[in-house]
Amino acid sequence: MHRRMLSCILMRSSLLFVIVVIMSTIAPAQTLPVPHAITDPKQITSKPNANVEQFQQNLSIERLYMTRQAGRASWSPDGKQIVFLTNISGRNNLWTVSSEGGWPTQLTVSDQRQTAPTWSPDGKWIAYMSDYDGDEQWDIFMVSPKTGQVVNLTHTRQIAEEYPRWSPDGRYLAYTVKPKDSSVYEIDVYDMLLRQVKHVTSGTPADKVNDSPIWTDGGKKIVYTQSQAKGTDSNIFIAEVETSESTLLTPHDGEQLYTADDVSPDGKTVLITSNAADGYDNAGLLDIASKKISWLTKEKWEIRGANFSPDGKSVIWTANVEGYVGIYQHTIATHTTKALPLPSGVNDPLGEPSAFSHDGTRLLYNHNGPNAPGDLWVYQLATGKSHQVTHSLVAGVNSDDMVEPFLVHYPSRDGKWTISAFVYIPYNMVRNGQNAAIVYVHGGPTSQTVNSFNRFIQHMVNQGYMVIAPNYRGSTGYGKEFQHANLFDMGGGDLQDVIAAADFVKQTGYLDPKKIALVGGSYGGYMTMMGVTKAPDVWAAGVPIVPFVNWFTEIQNEDPVLQQSDLATMGDPEKNKDLYHDRSPIFFVDQIKAPLLLLAGGHDPRCPHEESQQVVDAVKKRGGTVELKVYENEGHGFARVENQIDAYQRVSSFLRAHVPPADCGCRLPE
């Protein structure tokens, strides 16, 4: 749902007078297992399951959203505990748990959301970030794991400080910093002893941001990534903390992405992710002295570097193949790679500064899948076995009652692309042409629907809806060319890919073609508004969640970082006035035929709630059907459990009223 999925920010442009980066011989192509994709809609088949019926209470919104979420985490220095983010209390607070598993202990008690915990090297403090009612004006806090004492280090309501990272000796914290009215993230270092702030970077151009500081050379240097607003170019730098002098490590011609993931223990090598080799994200080792890259992978999928092992002998990375994510370990000396034997679904290494325990014997990761919410797991490198640390499902919510999706491929309407999507179909659905469906559109647009746990989708499937979640052009995971295919065409070809998703599920034979709803959040909310205005006859209802609808007002009112991104991807609003107008659904509200439900956050800095209010005013003026709910204590998306339950119960009730599901045959006999 998070528009642009900035991961703390965007990506940046090339510098003048660059020279080409020296690259070593490309690593031999690897072969990753690729899941089978269905191309014939008639092969989408509802599975029989005598234990599942329609409208089950255990798959209600209330119960599904009471399942926990386990997020960012960090090892304690001795490896005995893990601090992690979870919403067990209904708020995203910090908890600790034994690394062997067991009942966790709540560490922070706050009505505000918190994230990015990182344990200090001496074990005495845990640093983290927290904002205010979702406004993304983050402060850096510390909490004592022994006493629960909380200290606000930064206390700057008009400046956001994010993603703290301890120096090796624990004296300093590095983090990114952005004034509210600025489009630039800089990197600062806080001296815990002298209580002073030092600027490691400054004077960065307005269309660039600095991100992900990584300590190296015993705390004397910091490696970081600088990205350009357009999202098509980025570089890696190394900075001397004492002098604040930065050196470019990735000079190159043209637009290429380079991201620093980790630095080797000896400080000589950077583990990187880059699309410079073949237009797809791959992992490589960047030698700091020579600026030479040795590629570790050459895949046409999304490979992401993660960490060096503490002894520097191996690295781990993730491979995202069609939305299934696995973790791989590569031994540097022997050039051998193995896939870790982990459960199928989405597996991500977790931990700041590393997913490896400090002694290098274990690996912390998050696993989730279509029928399993995100939980912490620990992998033992010696035995190749994992154990589950947290357990997020609540009693009565049965994994076996949830639906696993089909991976499908369909051609784009203009014939330029093959679009990948996940299709969820209720158990026991009858192929009678009477059923309803939802096209569920992810945000970003530089994001991807993966084979992960989605509470709302599982609920709606059990209500009797088929759901298709397309990865339209502009999505990540399918290479540089596909990701850039909607630049200066937002709401154009990507919208046609979404409409083609509706075309695909119509051909399954299950659906009434007049009973298809369009639902999406953030950029997906924008796409929902584009869909109901530009293709009004396709949709029986629309649910835009935290959307923007007017490129002109959005650029005026949004956070300056996103403003730079929009200018870079849509062009100048005066020079491209016709494009801005054509791709702003607010100007085509008179075309809407579908009833609408809009949800917004009162403190949303990305898609301000005034965008949704414009729609409500315009639709009501024309006598149309529209509802709006603004959650005043939320931002871009909803963090508080009671708001999540209220919001998605509203969506469920709205869709059942306006696009009623058929009796899908899912009821058990009396």
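Structure: above.
In this report, we go over the structure that sits alongside the text. Residue numbering note: each chain is counted from 1, following its sequence as written. For this predicted model, a pLDDT threshold of at least 70 governs which residues receive local features, and a threshold of 80 or more governs which side-chain atom pairs are given and counted, while totals over whole chains, interfaces and linings are taken from all residues. Think of the side-chain values as coming from all heavy atoms in the structure, minus any hydrogens and water.

## Looking at the overall build of the protein
In plain terms, the rule: Each helix is a run of DSSP H or I of at least 4 residues and each strand a run of E of at least 2, with the numbering of both proceeding from the N terminus. We compute the radius of gyration from the C-alpha atoms alone; for a globule the expected value is 2.2 Å times N to the 0.38, where N is the number of residues. Under the scheme applied here, a residue whose accessible area is under 20% of the maximum for its type counts as buried, over 50% as exposed, and between as partly exposed, the area being computed with a 1.4 Å probe on protein chains only. Note on areas: Shrake-Rupley with a 1.4 Å probe; residue coverage comes only from the protein chains shown. In this tally, Lys and Arg are treated as positive and Asp and Glu as negative; His is ignored, and so are the chain termini. Charged side chains are reduced to one point each, which is NZ for Lys, CZ for Arg, CG for Asp and CD for Glu.
Along its length, the protein carries 10 helices and 37 strands. The C-alpha atoms of the protein give 24 Å as radius of gyration, which agrees with the globular expectation for 670 residues (26 Å, within 12%). Judged by the C-alpha coordinates and their principal axes, the protein covers about 65 × 60 × 50 Å. When the 670 residues of the protein are sorted by exposure, 62% land in the buried category. With an accessible surface of roughly 25,100 Å², the protein has 50% of that area assigned to carbon and sulfur atoms. Computing the positive centroid from 57 side-chain charges and the negative centroid from 73, the protein places the two 2 Å apart.

## A look at the packing of aromatic side chains
Let me state the cut-off plainly: Ring geometry is summarised as follows: Phe, Tyr and Trp rings, the Trp one being its six-membered ring, pair when their centres sit within 6.5 Å, and such pairs are stacked at plane angles under 30 degrees, edge-to-face over 60 and tilted between the two. Whether a charge lies above a ring is judged from NZ of Lys or CZ of Arg, which has to be within 6 Å of the ring centre and within 35 degrees of the ring normal.
Here the structure, examined in full by the defined rule, presents 21 aromatic pairs. Both rings, one in tyrosine 526 and one in phenylalanine 548, keep their centres 4.5 Å apart while their planes meet at 5°; by these two values the pair is stacked. One end of the pair, tyrosine 526, is in helix H5 (residues 523-534); the other, phenylalanine 548, is in the loop between strand S35 (541-545) and helix H6 (551-557), with 22 residues separating them in the sequence. An aromatic cluster of at least three residues, connected via ring pairs, comprises Tyr472, Tyr523, Tyr526, Phe548, Trp551, Phe552, Tyr580 and Phe587. When the ring centre of tyrosine 631 is taken as reference, the NZ or CZ atom of lysine 629 above it lies at 5.3 Å.

## Examining the pairing of strand S2 (residues 70-75)
Regular strands have side chains that alternate between both faces of the sheet. Rules: Paired strands are those between which DSSP finds at least two bridges.
Bridge analysis of S2 against strand S3 (residues 81-86) gives four bridges, and the strand direction is antiparallel. Bridge pairing in S3 places alanine 73 opposite phenylalanine 84. Where S2 hands over to S3, the hairpin turn is made up of five residues, of which glycine 79 adopts a positive phi near 75°.

## A few points about the packing of helix H4 (residues 493-506) against H5
Relative placement of two packed helices is described by the angle separating their axes and the distance separating the axes. Rule in force here: In this description, a line fitted to the C-alpha atoms serves as the axis of each element, helices being fitted only across the stretch in contact, and the angle between N-to-C directions of two axes falls anywhere from 0 to 180 degrees. Angle categories are assigned with fixed cut-offs, so that under 35 degrees is roughly parallel, over 145 is roughly antiparallel, 65 to 115 is roughly perpendicular, and the rest are oblique. Whether two residues touch is decided by their heavy atoms; if any such pair falls within 4.5 Å, the residues are in contact. Following the grouping adopted for this structure description, the nonpolar residues are Ala, Val, Leu, Ile, Met, Phe, Trp, Tyr, Cys and Pro, the charged ones are Asp, Glu, Lys and Arg, and the polar ones are all others, Gly among them.
The interhelical angle for the contact between H4 and H5, taken along N-to-C directions, is 75°, at an axis separation of 10 Å. By the angle between their directions, the pair H4 and H5 is classed as roughly perpendicular. Here Asp494, Leu495 and Val498 of H4 lie close against H5, whose contacting residues are Tyr523, Met527, Met530, Gly531 and Lys534. Taken together, the residues of the contact of H4 with H5 break down into five nonpolar, one polar and two charged.

## A short note on the sheet that holds strand S13 (residues 196-199)
The antiparallel open sheet is built from four strands, whose spatial order is S10-S11-S12-S13. Both outer strands of the open sheet, strand S10 (159-166) and S13, are each paired with one neighbouring strand and no more. Each adjacent strand pair in this sheet contributes to an overall mean axis angle of 30°, direction not counted. Sheet topology places S10 next to strand S11 (residues 172-179); six bridges connect them, and they run antiparallel. Note on S11: the bridge partner recorded for alanine 160 is lysine 178.

## Points about the sheet that holds strand S37 (residues 626-631)
The eight strands are arranged S30-S31-S33-S32-S34-S35-S36-S37 in an open sheet whose pairing can be described as mixed. The sheet is open, and its two borders are formed by strand S30 (406-411) and S37, each paired with just one other strand. Each neighbouring strand pair of the sheet contributes to a mean axis angle of 20°, computed without reference to strand direction. Against the sheet, helix H9 (residues 609-621) makes contact with strand S36 (596-601) and S37, and its axis sits at roughly 155° relative to S36, the strand it touches most. Across the sheet, helix H10 (residues 641-658) lies against strand S32 (435-441), strand S33 (465-471), strand S34 (511-521), S35, S36 and S37, angled at about 165° from S35, the strand it touches most.

## What to know about H9
What counts here: Between the first and last residue of a helix there are one fewer steps than residues, each counted as 1.5 Å, and that sum is the expected span.
Between its first and last C-alpha, H9 extends 19 Å over 13 residues, near the 18 Å set by a 1.5 Å rise per residue. On its buried face, H9 is in contact with H5, H6, S36 and S37. Backbone geometry just downstream of H9 places glycine 623 in the positive-phi region, at approximately 80°.

## Quick look at the environment of lysine 416
Relative to the assigned elements, lysine 416 resides in the loop between S30 and strand S31 (418-424). By relative accessible area, which is 62% here, lysine 416 ends up exposed. Note: C-alpha distance between lysine 416 and aspartate 578 (162 residues apart in sequence) is 25 Å.

## Brief notes about the environment of valine 223
Topologically, valine 223 is positioned in strand S15 (residues 221-228). The buried category is assigned to valine 223, whose relative accessible area is 0%. On a C-alpha basis, the gap between valine 223 and glutamine 69 in space is 31 Å, while along the polypeptide they are 154 residues apart. What valine 223 contacts, discounting residues up to four positions off in sequence, is Ser212, Pro213, Ile214, Thr216, Ile236, Phe237, Ile238, Ala260, Val263 and Val270.

## Examining the nonpolar core
Put simply, the test is: Remark: nonpolar core denotes a set of buried residues (Ala, Val, Leu, Ile, Met, Phe, Trp, Tyr, Cys) joined through side-chain atoms within 4.5 Å.
Grouped together as the largest cluster of nonpolar side chains are 60 residues, with contacts concentrated most on Val439, Ile468, Trp539 and Leu596. Tallying contributions element by element places H4 first for this core, with eight residues. Apart from residues no more than four positions distant in its own chain, isoleucine 468 is found in contact with Tyr410, Ala421, Phe422, Val423, Ile438, Val439, Tyr440, Ala501, Phe504 and Val505. Judged by nonpolar contacts, the second largest core, of 38 residues, contains Leu407, Ala469, Ala540 and Val641.

## Focus: unusual backbone geometry
For the bond from glutamate 352 to proline 353, the omega torsion is 15°, close enough to zero to count as cis. Checked against the element boundaries, proline 353 lands in the loop between strand S26 (346-349) and strand S27 (362-369). The omega angle of the peptide bond from glycine 444 to proline 445 is 5°, so this bond is cis rather than trans. Mapped onto the fold, proline 445 is located in the loop between S32 and helix H2 (455-463). The backbone phi angle of phenylalanine 488 is positive, close to 60°, even though this residue is not glycine.

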